[in-house]
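Chain and residue survey
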Amino acid sequence: MATDMAINVAIDRRSLLIGSLTMLAARPFSAPAFAAGEAIAFVSASKHADGRYSVLLLSVDGAILRDVPLSARGHDIAIHGPSGRAVAFARRPGTFAVAFTTMTNAPPVVFAAAADRHFYGHGVFSLDGRLLYVSENDIRGARGVIGIYDVASNYKKIGEHPSHGVGPHEIILLSDGKTLAVANGGLDTVPDFDRVDLNRDAMQPSLTFVDAASGALRAKHVLPDSLRQLSIRHIVADANGAVWFGAQWEGGPSETPQLIGCAGRDRAITLIDPPERNRVDLKGYVGSVAASRDGSVIAASAPKAGRIVFIDSASGAIKAASDFRDVCGIAGDHDAVFATTSGFGVLRHERPGAAPISQAELQDIAFDNHLRRWG
Amino acid sequence: MRVMSKSWPQLLSVAAISTTALSAALIPASYARDAESHYAIVQRTLDTHVLPHFAALEATAAKLPDAVEQVCRTGADGSREELLSDFRNTVLAYAGVAYLRFGPLIEGSRRERLSFWPDPRGIMNRQLRQLIAASDTAVLEAIPKQSAAVQGLPALEALITDTEVPLGPAEPAAYRCKLAIAIARNVVQLTAEINNDWTKSGGWKDKMLRPGSDNDAYKEPRDAASELVKAMLTGFQLIATTEIEPQVLKKRGFDGPYVRSNLPKLYFRAGINSLDAYYQAMALEAFLDDDKDWVKNWTGGAWRTLRESDGAGGVVSGVPKTFAAPVRKVFDMLIQMRRIVVGEISPAAALAVGFNELDGD
């Protein structure tokens, strides 16, 4: 491992800690959710040991403050901090979404994809919180769309834009408040065959920039033909407005392209190309990307490799990497600290290139793909 | 539910200790034993199951071009029956490896090129019609460069089962015959490449049996054994969601795999039989503690149900009809088998698979 990487101690850190960890009781769902001093810090979809699924609202140290049940596996959560609203989405190719608020005790609102549409697991609020944009599939047409929902009308669908690609996955609103960036993963699925990818041999992923008001295509970036099986799935904007992505390689095992790159409205896609000493094997799958609070560091999680990679957004250089088994959820916390979660119920805080700051382990919980900082 | 939390400052001083010394001190005694077990699992499963199944696929596919040529030359009923038999054997051999979606099978989109199914958008039919309409002889020399949908067994099935323009010596079938032969040769080529990539010196078998720091796929025996566990879980999931669930939900237009050749039930049986043998070859239940007998009892019952089912609500030959399991039960058994391997069996073998690692999106 290169010297500018994180120290990778060749042991399971969890096993080192296990003997002295303090056991704390989680807050049951029925308890007052937002007692004084119990600020919500993070949100994540999760699976419980008894097989049920929910969205967990967590304190900074991992205590469960609220547990919002889901009828099936969730994926990501869109959050509008000022209004205290959040929406959890079914994962691909699910059709439900659950909206809830932390401002009142109002019950969650469940809404569904329209006929001949399914969700891809991601969405984003408009800056004013009045609209929700959701990545969806036109099942019959095999084309990606951005569903537009009116929050005030209990999330009634009021329109849709084309995503200008196939298989839109994560969708984000850029800081101008007017432009949506869409990761069109290129994979076609239909609910009848669950998560089976129907077009892996012919996929054409892209990163598109779409006018949020009109749906007009502002820019579209595609990968060269040799990388057409690199599914662009998760995106985040950095401090300078560049959009960073983490991808999933759907091609053969003999090729292992870089999975992380960036682009801008007026800047073509570039993949990070670290020097040999800094190459990190991510096993073909980046599950989530996040930016530090100041946007200077991009973090990408790779659950198959059990690794997190930290990248300097200005130079594109890998700053550090750390090992964390089954890590996937990742969110910028304070300063340059990231919060990360795993499928083994671990919430960890760490700073690039340093030993983890803290770690909490929730028993009987598996954190799903994405972790979001509340607010 | 409980929460454990701990800050790390004391670990900073620990990290200053030599990594080597720390590792030696803290690696559990079971590590070497696990590594040995994992190596044995991989070797046994490859030798007794995986490699023979890929070899069988190559062997059955090898008969297809001659069988197609014979039908095209004679149009005789006997030749036609022989071709359908060879085709059926190849499809069923493929069903026996369809879940082994790692290594050579997924290189260069071979799996999709070999068996483009499911195909709910009818891509194969549409593209095959276009090829026939164009009747471009250049295509015959370039099948591997065509869309995956028309390169493999589904396209070959469409040609050899077409009753409106049956393959034979008559002129209307001339281009179809050439196309069918070219596709059959492509199937032979694909299956041979897959088998060769498994067995050649330095191939995927060697890769799985020689993990190490210079191995780009498997650093430890555990990595290779985990790959095999994931393939097993893929098998349960695939059969459940692509073959059984559409029947449970009564999906309109669902017609199962290779329905033109009336193979959905046999395809299901071939998949289950292979998965059953694979499960036995891995023998992970041997790692369960004595107090986990309930797991063995449960899986024994589940396998009995799966072995007796025809995958369509009926039973296999020789089993009383009163034992027939509804497709809903078969679906549940497959999903629950997957869960019990994830939750109980693979952890017992020190092969726990992460939630996101297994099925992230």
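Within each chain, residues carry numbers counting from 1 in the order of the written sequence. To label them, take the chains in the order written and letter them from A, then take the ligands in the order written and number them from 1. With the structure being a predicted model, the display of local features is reserved for residues of pLDDT at least 70 and the display and counting of side-chain atom pairs for 80 or more, all residues being used for whole-chain, interface and lining totals. Note: side-chain values were computed over all heavy atoms of the structure, leaving out hydrogens and water.

**Re the overall build of chain A**
Selection rule: Comment: elements are numbered from the N terminus, with helices defined as DSSP H or I runs of at least four residues and strands as E runs of at least two. A 1.4 Å probe rolled over the protein chains alone gives each residue an accessible area, and that area as a share of the maximum for its type sets the label: buried under 20%, exposed over 50%, partly exposed in between. Here the open area of atoms and residues is found with the Shrake-Rupley method and a 1.4 Å probe, where only the protein chains shown may cover a residue.
The secondary structure content of chain A amounts to one helix and 29 strands. Here chain A holds 375 residues, and 61% of them are scored as buried. Surface accessibility of chain A: about 13,500 Å² in total, with carbon and sulfur atoms responsible for 51%.

**As for helix H12 (residues 221-248) of chain B**
All names here are of chain B. To keep it simple, the criterion reads: In a helix, the anticipated span is given by 1.5 Å times the number of residues less one. Values of bend correspond, residue by residue, to the angle between axes fitted over the seven residues ending at that residue and the seven starting there.
For H12, which comprises 28 residues, the first-to-last C-alpha distance of 39 Å matches the rise-based estimate of 40 Å (1.5 Å per residue) to within 8%. Largest kink in H12: about 35°, centred on Thr-241. Along H12, 22 of the 28 residues are buried, which leaves the element largely enclosed by surrounding structure. Just downstream of H12, Lys-250 is the residue with a positive phi angle, here 50°.

**A closer look at the packing of aromatic side chains**
Which entries qualify depends on this criterion: In this analysis, rings of Phe, Tyr and Trp, with Trp reduced to its six-membered ring, are considered paired at centre separations within 6.5 Å, and the interplanar angle assigns stacked below 30 degrees, edge-to-face beyond 60, and tilted for intermediate values. Two conditions define a charge sitting above a ring: the NZ of Lys or the CZ of Arg must be within 6 Å of the ring centre, and it must be within 35 degrees of the ring normal.
The full count for this structure, using the stated rule, is 16 aromatic pairs over all chains. Look at Tyr99(B) and Tyr278(B): their rings are 5.4 Å apart centre to centre, the planes differ by 75°, and that puts the pair in the edge-to-face class. Of this pair, Tyr99(B) sits in the loop between helix H5 (77-95) and helix H6 (110-114) while Tyr278(B) sits in helix H13 (residues 264-282), placing them 179 residues apart in sequence. Ring plane angle 35° and centroid distance 5.9 Å describe the contact between Tyr258(B) and Tyr267(B), whose orientation is recorded as tilted. Within the aromatic cluster, the residues linked to one another by ring pairs are Phe89(A), Phe111(A), Phe119(A), Tyr149(A) and Tyr155(A). The aromatic ring of Phe324(A) is capped on one face by Arg348(A), whose charged end is 4.2 Å from the ring centroid. Residue placement shows Arg373(A) over the ring face of Phe42(A); its charged tip is 5.2 Å from the ring centre.

**Considerations on a negative patch on the surface**
Note the threshold: Residues qualify for a patch when their relative accessible area is over 30% and they have no salt bridge, like charges being joined within 9 Å and the nonpolar side chains of Val, Leu, Ile, Met, Phe, Trp and Tyr within 5 Å. Salt bridges are defined as contacts in which a side-chain nitrogen from Lys or Arg sits within 4 Å of a carboxyl oxygen from Asp or Glu. In this tally Asp and Glu are treated as negative and Lys and Arg as positive; neither His nor the chain ends contributes. By convention, the point assigned to a charge is CZ for Arg, NZ for Lys, CD for Glu and CG for Asp.
There is a patch of like negative charges on the surface, built from Asp289(B), Asp290(B), Asp291(B) and Asp293(B). Note that Asp293(B) resides in helix H14 (residues 293-308).

**Observations regarding empty space enclosed by the protein**
The criterion, for reference: Cavity: a set of points on a 1 Å grid over the protein atoms alone where a 1.4 Å probe fits but cannot get out. Pocket: an open set with protein on both sides within 12 Å along at least five of seven lines, its lining residues, like those of a cavity, having an atom within 4 Å of a point. Grid points are joined across faces, edges and corners, and a volume is the space filled by probe spheres set on the points. Just so you know the grouping, Ala, Val, Leu, Ile, Met, Phe, Trp, Tyr, Cys and Pro go in nonpolar, Asp, Glu, Lys and Arg go in charged, and all remaining residues, Gly too, go in polar. By convention here, the domain bounds are inherited from an automatic or database domain assignment.
Using the criterion set out here, one finds four cavities of 30 Å³ or more in the structure. Put simply, the largest cavity is a space of about 180 Å³. Surrounding the largest cavity, 17 residues form its lining, Ala98(B), Arg101(B), Leu238(B), Glu243(B) and Tyr267(B) being those nearest its centre. Within the residue set of the lining of the largest cavity, elements represented by two or more residues are H5, H12 and H13 of chain B. For the lining of the largest cavity, the element with the highest residue contribution is H12(B), accounting for five residues. Here the residues of the lining of the largest cavity are counted per class, giving 10 nonpolar, four polar and three charged. Here the lining of the largest cavity spans two domains, since at least three of its residues come from each of domain 1 (53-200) and domain 2 (213-359) of chain B. Here the second largest cavity defines a volume of roughly 60 Å³. Surrounding the second largest cavity, Val196(A), Asp197(A), Leu198(A), Arg111(B), Glu112(B), Ser115(B), Phe116(B), Trp117(B) and Pro118(B) form its lining. Tallied by class, residues from the lining of the second largest cavity come to five nonpolar, one polar and three charged.

**Considerations on the sheet that holds strand E7 (residues 96-101) of chain A**
Residue and element names in this part refer to chain A. Counted only if it meets this: Any two strands with at least two DSSP-identified bridges between them are counted as paired. To get an axis, fit a line to the C-alpha atoms, keeping to the stretch in contact for a helix; angles then go from 0 to 180 degrees between the N-to-C directions.
Here we have four strands laid out as an open sheet, ordered E5-E6-E7-E8, and antiparallel in their pairing. Lying at the two open borders of the sheet, with one neighbouring strand each, are strand E5 (74-80) and strand E8 (109-112). Each adjacent strand pair in this sheet contributes to an overall mean axis angle of 20°, direction not counted. Looking at chain direction, E7 and E8 are connected through four bridges and run antiparallel. Bridge pairing in E8 links Ala-97 to Phe-111.

**Here we look at the layout of surface pockets**
Residue and element names in this part refer to chain A. A volume near 1,100 Å³ is recorded for the second largest pocket. Around the second largest pocket, the lining is made up of 40 residues, and of these Ile-172, Leu-173, Val-236, Arg-372 and Gly-375 lie nearest the centre. Elements with a minimum of two residues in the lining of the second largest pocket: E5, strand E9 (117-125), strand E13 (168-173), strand E17 (230-237), strand E21 (288-291), strand E25 (327-332) and strand E29 (365-373). With five residues, the top contributor of residues to the lining of the second largest pocket is E5. A class-by-class count of the residues in the lining of the second largest pocket yields 21 nonpolar, 11 polar and eight charged.

**Regarding the environment of Pro253(A)**
Along the chain, Pro253(A) turns up in the loop between strand E18 (243-249) and strand E19 (260-264). For the pair Pro253(A) and Thr341(A), spaced 88 residues apart in sequence, the C-alpha to C-alpha distance is 27 Å.

**Section: the confidence of the model for chain B**
Residue and element names in this part refer to chain B. The following threshold applies: Every residue is assigned a pLDDT by the predictor, reflecting its confidence on a scale from 0 to 100. Any pair of residues with heavy atoms lying within 4.5 Å of one another is described as a contacting pair.
Per-residue confidence for chain B gives a mean pLDDT of 91; residues scoring 70 or more make up 91%. Across residues 1-27, where pLDDT falls below 50, the model places 62 contacts with residues more than four positions away in sequence or in other chains. Interface predicted TM-score (ipTM) for the complex: 0.87; the corresponding pTM is 0.88.

**Quick look at the pattern of salt bridges**
This model, assessed by the stated rule, comprises 44 salt bridges over all chains. Notably, a salt bridge pairs Asp361(B) with Arg233(A), separated by 2.4 Å at the nearest N-O pair. Separated into two different chains, Asp361(B) in the segment after helix H16 (355-359) and Arg233(A) in strand E17 make up a pair that spans both. The pair formed by Asp361(B) and Arg233(A) is uniform in burial state, with each residue classed as buried.

**Quick look at the packing of H13(B) against H14(B)**
Residue and element names in this part refer to chain B. As a reminder of what qualifies: Throughout, the term roughly parallel applies to angles under 35 degrees, roughly antiparallel to angles over 145, roughly perpendicular to angles from 65 to 115, and oblique to all others. Should the near helix be turned anticlockwise from the far one by less than a right angle, the crossing is termed left-handed; should it be turned clockwise, right-handed.
Interaxial distance between H13 and H14 falls to 10 Å at its minimum, and their mutual angle equals 155°. With respect to each other, H13 and H14 are oriented roughly antiparallel. Remark: the crossing between H13 and H14 carries left-handed chirality. Residues Phe-268, Arg-269, Ile-272, Leu-275, Asp-276, Tyr-279 and Gln-280 of H13 lie in contact with H14, whose contacting residues are Thr-299, Trp-303, Leu-306 and Arg-307.

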